[in-house]
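Below are the chains, spelled out letter by letter.
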Amino acid sequence: GTICGSTMALDLVKEHFKIFLGNRYFMDKEPWQIVSITTTVVLSGVWLWGFVFQEERVKSPKPLSQPYESAYPLLHSYLGVRCSSEVSTAAGGPAAAEEVLFVFWSVISSTGGVSSPSLVTRGKRMMFRIVRQIPAVAHKIDSEMKKINKSFEEEVIHRNQGNEYIVSLPDQGKRHEEIVDMVKRYLTLGDYHWQSGFVSGAVYYYDQNLIKLLTDVYGLASYTNPLHPDIFPGVCKMEAEVVRMTANLFHGGPASCGTMTTGGTESILMACKAYRDYASEEWGIKQPEIVLPKTAHTAFDKAGLYFKIHLKHVPVDSTTYAVDIKAMQRAITRNTILLVGSAPNFPYGTMDDIEAIAALGLRKGIPVHVDACLGGFIIAFMRQAGFSLPPFDFAVPGVTSISADTHKASLLCQNVLYLLEFKSHLVFFCEKPEGKIIGIHMRPQVKPPLQ
């Protein structure tokens with residue numbers, strides 16, 4: 001009886017408190033004011049809740065205690081790669097062609113739960129957006145942007161050296177010789193003598209005999225389209241052979257495959273997109289994050305903007321300029337979909353500790369991408385040349401993808417690169433309702449023969 005009486009008394013106090021608080025606050029308010037205040041409070045509460053708590057990983061990745069195909073059926077279903085029939089046959093048939101560069105053996109561990117990106121970071125971003133609306137601040141930002149745009153225009157005008165721009169189609173077409181002479185004249189513009197072959201970040205080798213060979217090859221294949229290997233099987237065969245050579249060079253296993261992109265930026269973009277899509281499909285991550293060194297290439301920042309991936313830049317060691325592994329570990333959350341290391345990085349030419357990053361990835365169940373765009377085709381031969389170099393490629397357990405530029409000291413022209421990946425979320429599927437046609441658009445990903 002005592003317990004029952006106490007409960008009733010407590011409920012009575014709560015009810016009187018609610019009536020007293022509500023009536024006292026709203027007793028002098030008009031109905032529309034009551035509705036407005038209530039709506040504002042409710043919506044503000046919903047917004048605050050959404051700001052503080054975000055939808056995170058909803059299911060844990062599966063440990064690889066079972067075969068790869070059964071552990072990751074969705075991943076396996078996305079691994080269709082386009083190649084010619086002879087490549088598929090030489091590689092062991094369609095089933096072998098669906099294998100990937102680096103399987104997640106021992107990469108994924110049982111993790112789960114919910115975490116939230118930095119509340120401070122989100123607060124700063126929101127505050128900056130608000131501050132930008134202040135007229136004085138907006139005017140200052142606009143003024144600085146105009147200065148930057150003006151400096152760009154002046155630099156372009158200077159480099160063009162007074163030559164007029166052709167902005168409309170000519171009334172009469174130009175002859176072959178005129179077009180060639182115009183191109184030659186344009187290529188002499190500028191202040192850099194890039195023909196010497198030593199302009200870091202742009203030209204690494206220049207030889208007239210090599211240029212002649214490349215020009216002849218490009219000329220022969222200029223009208224081919226690698227998106228149609230059924231029409232141009234020879235192009236797919238050439239790509240498959242080069243990808244296999246590259247995979248072997250970076251110690252890729254028999255399941256390795258790769259794709260050709262237009263350069264280092266696209267390779268990094270496609271890698272980030274593939275990891276984002278895989279994490280969303282398999283792990284349910286809706287707020288993906290990538291942890292990378294501050295010295296990582298800016299293409300990762302571009303990928304973050306394009307694909308709505310939050311980048312968490314971590315500092316580097318002040319002596320070695322390699323990424324701080326402890327800082328990288330602290331930056332990892334349940335939303336982390338990728339760890340990045342450079343071999344080497346662009347600002348200093350130093351290499352991150354890929355073995356340590358890969359080991360961290362193995363412990364946390366997170367893939368690791370190695371950006372070897374700058375010097376991948378040089379450091380691959382360092383040991384053969386007698387130099388001691390830590391391993392950085394697929395010989396390191398935990399490394400799941402590599403990007404490497406062939407135009408940097410590997411005797412090819414700009415905008416040719418191979419991205420070696422462990423999965424194939426680069427494919428774009430589109431179902432057309434008209435006639436129930438399934439459209440597949442992708443850059444050919446090939447699994448070349450093992451010979």
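Residues numbered from 1 in each chain as written. Predicted model: local features only at pLDDT ≥ 70, side-chain atom pairs only at ≥ 80, totals over all residues. Heavy atoms only, no water.

Using the following cut-off: UniProt positions are given in the numbering used here, feature names are shortened, and annotations may be inferred rather than shown by experiment.
Going by what an unreviewed UniProt entry lists, the chain is known as sphinganine-1-phosphate aldolase and is assigned to Dryococelus australis. Quoted verbatim from the Cofactor (unreviewed entry) heading of the UniProt record, the comment on the chain is "pyridoxal 5'-phosphate". Within the UniProt record for the chain, the comment given under Sequence similarities (unreviewed entry) is "Belongs to the group II decarboxylase family."

## Quick word on a nonpolar patch on the surface
In plain terms, the rule: For patches, a residue must show more than 30% relative accessible area and have no salt bridge; joins then use 9 Å for like charges and 5 Å for nonpolar side chains, namely Val, Leu, Ile, Met, Phe, Trp and Tyr. Reported accessibility uses the Shrake-Rupley method at a 1.4 Å probe radius. Residues are deemed covered only where the shown protein chains occlude them. Between Lys or Arg on one side and Asp or Glu on the other, a salt bridge is scored when a side-chain nitrogen of the former is within 4 Å of a carboxyl oxygen of the latter. Secondary structure elements follow DSSP: runs of H or I of four or more residues count as helices, runs of E of two or more count as strands, with numbering from the N terminus.
On the surface, a cluster of nonpolar side chains totalling about 470 Å² of accessible area is made up of Phe128, Ile141, Met145, Ile148 and Phe152. Looking at the nonpolar patch element by element, the count peaks at 4 residues for helix H8 (residues 135-160). In this structure, Ile141 sits in helix H8.

## Some thoughts on helix H11 (residues 233-249)
Definition in use: Any helix carries an expected span of 1.5 Å times its number of residues minus one. Burial classes: relative accessible area under 20% of the type maximum marks a residue as buried, over 50% as exposed, and values in between as partly exposed (1.4 Å probe, protein chains only).
Taking 1.5 Å as the rise per residue, H11 with 17 residues should run 24 Å; its terminal C-alpha atoms sit 24 Å apart, in good agreement. Of the residues making up H11, those classed as buried are Val235, Cys236, Glu239, Ala240, Val243, Arg244, Thr246, Ala247 and Leu249. Backbone geometry just after H11 places His251 at a positive phi near 60°.

## Overview of the pairing of strand S3 (residues 310-314)
Just so we agree on the cut-off: A pair of strands is considered paired only if DSSP assigns at least 2 bridges between the two.
Most of S3 sits inside the fold, with 4 of its 5 residues counted as buried. Two strands pair when backbone bridges link them, and strand S2 (residues 289-293) and S3 are joined in this way by 5 bridges, in the parallel orientation. Across the sheet, residue Pro293 finds its bridge partner in S3, namely Val314.

## Considering the packing of aromatic side chains
Put simply, the test is: What counts as a ring pair is set by centres within 6.5 Å for rings of Phe, Tyr and Trp (its six-membered ring), and what kind of pair is set by the plane angle: stacked under 30 degrees, edge-to-face over 60, tilted for all other angles.
Under the criterion given, the structure shown has 5 aromatic pairs. Seen from their ring centres, Phe250 and Phe377 are 5.7 Å apart, and the 65° between their planes marks the pair as edge-to-face. Within this pair, whereas Phe250 is found in the loop between H11 and strand S1 (258-261), its partner Phe377 is found in helix H16 (residues 376-379), the two being separated by 127 residues in sequence. Relative to Phe392, the ring of Phe250 has its centre 5.9 Å away and its plane inclined at 80°; by these criteria the two rings are edge-to-face. Of this pair, Phe250 sits in the loop between H11 and S1 while Phe392 is found in the loop between H16 and strand S6 (399-405), placing the two residues 142 residues apart along the sequence. In this structure Phe250 comes out as buried when scored by relative accessible area, which is 1%.

## Details of the pattern of salt bridges
Scanning the entire structure with this criterion turns up 10 salt bridges. Measuring nitrogen to oxygen at the nearest pair gives 2.7 Å for the salt bridge that ties Lys212 to Asp216. Placement of both Lys212 and Asp216 in helix H10 (residues 208-221) is noted, with a separation of 4 residues, approximately one turn of the helix. Lys273 is paired through a salt bridge with Asp277; the nearest N and O atoms lie 2.6 Å apart. One end of the pair is Lys273 and the other is Asp277, both in helix H12 (residues 264-283) and 4 residues apart, which spans about a single turn. Each member of the pair, Lys273 together with Asp277, is buried. Residues joined by salt bridges that share partners form a network here, namely Lys140, Glu144 and Lys147.

## A few points about H10
Just so we agree on the cut-off: The definition of a polar contact used here is a pair of N or O atoms within 3.5 Å, where within protein one atom must be able to donate a hydrogen and the other to accept one, and adjacent residues in sequence count solely through side-chain atom pairs.
Taking 1.5 Å of rise per residue, the 14 residues of H10 would be expected to cover 20 Å, and the 20 Å separating its terminal C-alpha atoms lies within 8% of that figure. If you check the start of H10, you find a side-chain oxygen 3.0 Å away from the backbone N of Asn209, and it comes from Asp207.

## Describing the nonpolar core
Rule in force here: Residues enter a nonpolar core if they are buried and are Ala, Val, Leu, Ile, Met, Phe, Trp, Tyr or Cys, with the set joined through side-chain atoms within 4.5 Å. We call two residues in contact when some of their heavy atoms are within 4.5 Å.
One finds Cys272, Ile290, Leu292, Phe300, Ile309 and Ile337 to be the most contacted residues of the largest nonpolar core, which totals 22 residues. Where this core is concerned, the elements lending two or more residues are H12, S2, helix H13 (299-307) and strand S4 (336-342). Sort the elements by how many residues they give to this core and H12 lands first, with 9 residues. Residues within four places of Cys272 in sequence aside, it is in contact with Ile290, Phe300, Ala303 and Ile309. One finds Ala343, Ala358, Ala372 and Val396 within the second-largest nonpolar core, a separate group that totals 17 residues.

## Digging into the environment of Tyr204
Tracing the backbone shows Tyr204 in the loop between helix H9 (176-187) and H10. Counting along the chain gives 204 residues from Tyr204 to Lys408, while the straight-line C-alpha distance between them is 5.8 Å.

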